[in-house]
Amino acid sequence: MALVAGVDSSTQSCKVVVRDADTGALVRQGRATHPAGTEVHPSAWWDALQTAIADAGGLDDVAAVSVAAQQHGMVTLDESGEVVRPALLWNDTRSAAAAVELTTELGGPDKWADAVGSVLVASLTVTKLRWLATNEPESAARTAAVCLPHDWLTWKLSGATSLDALTTDRSDASGTGYWSPSTEDYRPDLLELALGKVVAVPRVVGPAELVGGRFGAGAGDNAAAALGVQAQPGDVVVSIGTSGTAFARRTSPVTDGTGIVNGFADAEGGHLPLVATLNASRVLTATSSVLGVDLADLSDLALSAPAGADGLVLVPYLEGERTPNKPDSTGALHGMRLDTMTPAHLARAAVEGLLCSLADAIDALRALGMPVTRVLLIGGGARMPAVQRLAPAVFGCPVVVPSPSEYVADGAARQAAWAVGGADTPPLWSELASTSVEADPTPWVRERYAAARDLTVNR
C-alpha cells in the first residue's frame, strides 16, 4: 500500500493527513496550532509543521507529500534565503491604501482584472509589496525573492537552500497579483511597479509534477479544498473557516472588473473563480463570546428564533471586509427593539448575517454564468447544526454537507497521489459521506440583510 501525505498550513493551525494513494483511506493524521495575528514569522509555520508531522507518526513511509496553505501571504527572503521580516497574511489590511495606489497607477480596476484576473484588494500579495516598499524601504532593499506560505514550506521540506529551487503552483501564483492565469506567465512589470524592482519568484510547476522526486506542486487552500471534496461541474463549494469563500471549477479564465470575483487558477489545470470574505467562522465565535455560551448553545439559540430574527440584522464585517471591498468598515446591528434584544434573536441574526454574506458570493458566481446545482458546505463553521439547517433557506438551493474532514489537507494528499500515479487526471477516491439538506427559501432574509449591508460605509 503506497501512502501519500497532505499538509494544510492554514491561518490558525497546521494539519497533516496520511492517506492510501489508491483509495484515499485515512491512515493517520496530526495537527498543531499557529500563533494568532495577521503578521507571523514563517518559522512558526515550520515549527507547527514539525509538530504536526510528529503527531501524524512521521513521513518516512510516504511516497510523496504535498503542501497546501493560506493564500497571498507575503514571505520575503534575502540573498542567503533568510526571512527578511515576518510575513503579512491575507487578512492583514494595512496595504489597503497601496491597493488603491496601484489600481490608479495601472489605469483602473479593469486593467488589473485583464492583467491578472483580479481587481486589487489588500489581501493580494502585490499590494503588500507596495506597502513594504513605502513603509520599510530597508526591508524592501534586502528582499531578493518573494514567495507564498506553501512555496516556503515546500522549499524547507525539500532541504533546498538556493532561491532558484523555490517552486509554486498555478492556484497560489494566481493570487499574487503578478501572475496571469490567462497567459500563465508572471508579470515582472507589475512586480516592479509594486516593489520598485524585480526579484526572484518561484518556478510554477504543473499540477501533477513532482519536485525533487517526492514533493507535489502544492496549492492554495481553496484550490486544494476543491480537490479534497472532488468538486464537479455545477458544484459551488462554500467554505466557512477563518475566511469565507465560494468557488467553482471552470475550464476558461474569468475576468471581473467589479472586483467581486477573483479569477484564480485551480489545482487541476483549469480555473477557480472565487469570492472571498474576511469574516466567517469567527463571527460565530465572537457572538458566542458576547452571549456567554458555547457554539452548541449558540446553534440551539439560533434555531429557537424565527427566520429573519423579527427584523434583527447583523452585518458581519467584524474585521473590515474584502468582498465588498471595505477594509476599514465595521460590523453593524440593525433592527434593535425591546422584543429583538434577546440572546436567541442575536444568535439567529449572526448565523443569517454570515450566510447572507456568503449568499452574495454565490450570486456573484451566478452572475458570471456559472451554474449552481448544489452547494457543498465545508469548513469548521459548517459543522454547526444551525448553519447547516439555515443555509439552504438563505442560499435558495440544495446544500450538501460532507462529513467532517480536513479537506484542504485531503486535497493536497490527492494531488500527491496524482503526482505519484502519473495519470492524466487526479485519482477518484471513494465518494464522500455526506448529508443533504433542503429548506424553503427565505428571500425576505436576504432583502433585509441587503438593505442593512448597503448602509455600511468604509470608514
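You'll find the structure just up there.
## As for the nonpolar core
Membership of the largest hydrophobic core comes to 45 residues, with the highest contact counts inside it found for Val238, Val351, Leu377 and Phe395. Counting residues per element, the ones that place at least two in this core are strand 14 (235-240), helix 11 (295-304), strand 18 (313-315), helix 12 (343-367), strand 20 (374-378), helix 13 (385-395), strand 21 (399-402) and helix 15 (443-453). At 11 residues, helix 12 tops the list of elements feeding residues into this core. Among all residues touching valine 238, those that are not within four sequence positions of it are Thr245, Ala246, Leu358, Ile362, Val375, Leu376, Leu377, Ile378 and Phe395. Judged by nonpolar contacts, the second largest core, of 39 residues, contains Val18, Leu89, Ala144 and Leu163.

## Digging into the environment of glutamine 415
Here glutamine 415 lies in helix 14 (residues 407-421). On the accessibility criterion, glutamine 415 (1% relative accessible area) is buried. Between the C-alpha atom of glutamine 415 and that of alanine 144, which follows or precedes it by 271 residues, the distance is 30 Å.

## Points about the environment of aspartate 164
Among the secondary structure elements, aspartate 164 is positioned in the loop between helix 6 (149-158) and strand 9 (167-168). You can call aspartate 164 exposed: its relative accessible area is 73%. Linking aspartate 164 and valine 211, residues 47 residues apart in sequence, is a C-alpha distance of 13 Å.

## A closer look at the pattern of salt bridges
Within this structure, the stated rule accounts for 25 salt bridges. We note a salt bridge from glutamate 209 to arginine 203, for which the minimum N-O separation is 3.1 Å. Beyond isolated ion pairs, a larger network of salt bridges with shared partners links Asp360, Asp363, Arg366, Arg446, Arg453 and Asp454.

## What to know about the packing of helix 9 (residues 221-228) against helix 14
Look at helix 9 against helix 14: their axes get within 7 Å of each other, and the N-to-C directions meet at 75°. Classed by the angle they form, the pair helix 9 and helix 14 counts as roughly perpendicular. On helix 14, the residues touching Asp221, Ala224, Ala225, Leu227 and Gly228 of helix 9 are Tyr407, Val408, Asp410, Gly411, Ala412, Arg414 and Gln415.

## Some words on helix 15
Of the positions making up helix 15, those classed as buried are Val445, Arg446, Tyr449, Ala452 and Arg453. In a view along the axis of helix 15, the buried residues occupy a sector of 130°, so they form one face of it. Contacts made by the buried residues of helix 15 are with strand 18, strand 19 (332-334), helix 12 and helix 13.

## Quick look at the sheet that holds strand 1 (residues 3-9)
Here five strands make up an open sheet; going across it, the order is 3-2-1-5-13 and the pairing mixed. In the strand order of this sheet, the two ends are held by strand 3 (26-33) and strand 13 (219-220), each with one partner. Relative to strand 13, strand 5 (residues 64-69) runs parallel, the two sharing two bridges. Residue pairing in the sheet places alanine 69 in a bridge with glycine 220 of strand 13. Most of the contacts of helix 6 go to strand 5, to which it runs at about 150°, and overall it touches strand 1, strand 5 and strand 13.

## Remarks on unusual backbone geometry
Residue proline 324 is reached from threonine 323 by a cis peptide bond, and omega for that bond is 5°. You can see proline 324 is positioned in the loop between strand 18 and strand 19. Even without a glycine there, the phi angle at glutamate 184 is positive, about 60°. Positionally, glutamate 184 belongs in the loop between strand 10 (179-180) and strand 11 (185-186). For glutamate 184, a relative accessible area of 36% gives the class partly exposed.

What counts as what
- Residues numbered from 1 in each chain as written.
- Predicted model: local features only at pLDDT ≥ 70, side-chain atom pairs only at ≥ 80, totals over all residues.
- Heavy atoms only, no water.
- Core = buried A, V, L, I, M, F, W, Y, C linked by side-chain atoms within 4.5 Å.
- Buried < 20%, exposed > 50% of the residue type's maximum accessible area, 1.4 Å probe, protein only.
- Helix = DSSP H or I, 4+ residues; strand = E, 2+ residues; numbered from the N terminus.
- Contact = heavy atoms within 4.5 Å.
- Salt bridge = Lys/Arg side-chain N within 4 Å of Asp/Glu carboxyl O.
- Axes fitted to C-alpha atoms, helices over the stretch in contact; angles between N-to-C directions.
- Parallel < 35°, antiparallel > 145°, perpendicular 65-115°, else oblique.
- Arc of directions from axis to C-beta.
- Pairing = 2+ DSSP bridges.

The values reported here are purely geometric and, on their own, carry no functional implication.
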